[in-house]
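What follows is each chain in one-letter form.
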Amino acid sequence: MNKNYMIFPMNVMRITQSYLGNTSHFRHTTGTPKDYPIDCAGADTGRDAVFCPCDEMMITEIKGYNDQRTTNTIWLTSTRPATTPTFTDTVFMTLTHENDSDLANLKVGQKFKRGDVICYEGTSGTTANHIHIVVGRGSSNTWVTSSTGSLVIYGDTKKPEEVFFVDKKITKVVSTGGLQFKELVEKEQVGTPVLRDVSRNQLEVLVSNLNARSSASLTGEVLGYVNPGIYNFVESHESDGYTWYNLEGFYVAYQPDWITLYPFQESTEQGDKTEEEEEKNDAQEEFQLIFESKESKYYKIYLKEHAKLYLKKSI
């Protein structure tokens, strides 16, 4: 992926209970503080995997292992900012109900890369296999009792649809539990940057989300995002309030925050040489060569070897 997107962490989305309605999760969203849990049961009654949803996450806490009084729960935090549908920042996620057999292989500080399996659905504290997920912005490593008497995850909790994209190349959606998730549609990267060349008209794309369009217009088809870097341009057009530059058969709109322009620079040395040539040509037009000595000796005047004698032309 081109960005550190936060995507739904299972291959099948089958949300059997969301934070909506008068369910066992109702007290989580009506007290203070609150969280917004979802129960995910995967493809069937088995134990589907839960994988790392961004480039990297680290375990910050584990509770419940070998403790029948506490429901098994894992806290994880992204190791760098992740892009969600509503913000870009560090993200935390908690997973509840996994079995002791999963926790036995985990420890605080352990890291997972995107797609790595963290755990599986389980039955700790419940009767049917599923995973209870809570997400939020920032980090978290504990829970607290809310004003309604529920154990809720401590921190800046968010609704799951505010944090997870759904990548349909990875996740089959069976049920969203009434929630509206945003589908991840990642644009292609286009363009091949070149080296700086002062003898060419060039520009530098500074951002990673500049649209490449098929024509010099806001109605032109979006071909993808332009790879940041330097490009040659051959022409420009004015349209829709922008100056558009033609790069490699696609067009980009100019704004100073998006693009730096490097116009063609005429070489100073070449300019000086041209002036000298022009002076020489002028001299040849004004004077006529009438004699060139072959050796150093006195003529009527003394001339050194290869000296040339010119006579000014009459006007």
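Refer to the structure presented above.
This report concerns the structure included in the present document.

Cut-offs applied
Residues numbered from 1 in each chain as written. Predicted model: local features only at pLDDT ≥ 70, side-chain atom pairs only at ≥ 80, totals over all residues. Heavy atoms only, no water. Helix = DSSP H or I, 4+ residues; strand = E, 2+ residues; numbered from the N terminus. Areas by Shrake-Rupley, 256 points an atom, 1.4 Å probe, with all protein chains shown as cover. Buried < 20%, exposed > 50% of the residue type's maximum accessible area, 1.4 Å probe, protein only. Contact = heavy atoms within 4.5 Å. Polar contact = N/O pair within 3.5 Å; in protein donor to acceptor, adjacent residues only side chain to side chain. Core = buried A, V, L, I, M, F, W, Y, C linked by side-chain atoms within 4.5 Å. 1 Å grid on protein atoms, 1.4 Å probe; cavity = no way out; pocket = protein on both sides within 12 Å on 5 of 7 lines; lining within 4 Å. Points joined across faces, edges and corners; volume = space filled by probe spheres on them.

Turning our eyes to something else, we now look at the overall build of the protein. Helices and strands together make up the secondary structure of the protein, namely four helices and 30 strands. Entry remark: accessible area of the protein is about 17,500 Å², with carbon and sulfur atoms responsible for 47%.

A cis amide bond links Thr32 to the next residue, Pro33, at an omega of -10 degrees. With respect to the element layout, Pro33 can be found in the loop between α1 (26-30) and β2 (38-40). Its identity as a non-glycine residue notwithstanding, Asn66 has a phi of 60 degrees, on the positive side. Locating Asn66 in the fold gives a position in the loop between β4 (56-63) and β5 (73-78). Its relative accessible area of 56% is what places Asn66 among the exposed residues. One non-glycine residue, His97, adopts positive backbone phi at about 95 degrees. Of note, His97 is situated in the loop between β8 (91-96) and α2 (100-103). We classify His97 as buried; its relative accessible area is 10%.

Our focus in this paragraph is the environment of Ser146. Mapped onto the fold, Ser146 is located in the loop between β12 (143-145) and β13 (151-153). For the pair Ser146 and Arg27, spaced 119 residues apart in sequence, the C-alpha separation works out to 8.6 Å. If near-sequence neighbours (up to four positions away) are discounted, Ser146 is found in contact with Arg27, Gly31, Thr32, Pro33 and Val152. At 2.9 Å, the side chain of Ser146 forms a polar contact with the side chain of Thr148.

Residues Leu76, Met93, Leu95, Ile118 and Ile133 are the most contacted members of the largest nonpolar core, which totals 35 residues. In contact with Ile133, not counting residues within four places along its chain, are Pro9, Tyr36, Pro37, Ile38, Cys40, Met93, Thr94, Leu95 and Phe164. Judged by nonpolar contacts, the second largest core, of 13 residues, contains Val190, Leu210, Tyr231 and Val252.

For the rest of this paragraph, the subject is the layout of surface pockets. Of the voids in this model, the largest pocket is the one considered here, and its volume is about 390 Å³. Around the largest pocket, the lining is made up of 23 residues, and of these His28, Thr96, His97, His132 and Leu151 lie nearest the centre. Mapped by element, the contributors of at least two residues to the lining of the largest pocket are α1, β8, β11 (131-137) and β13. Element by element, the count of residues in the lining of the largest pocket is highest for β13, at three residues.

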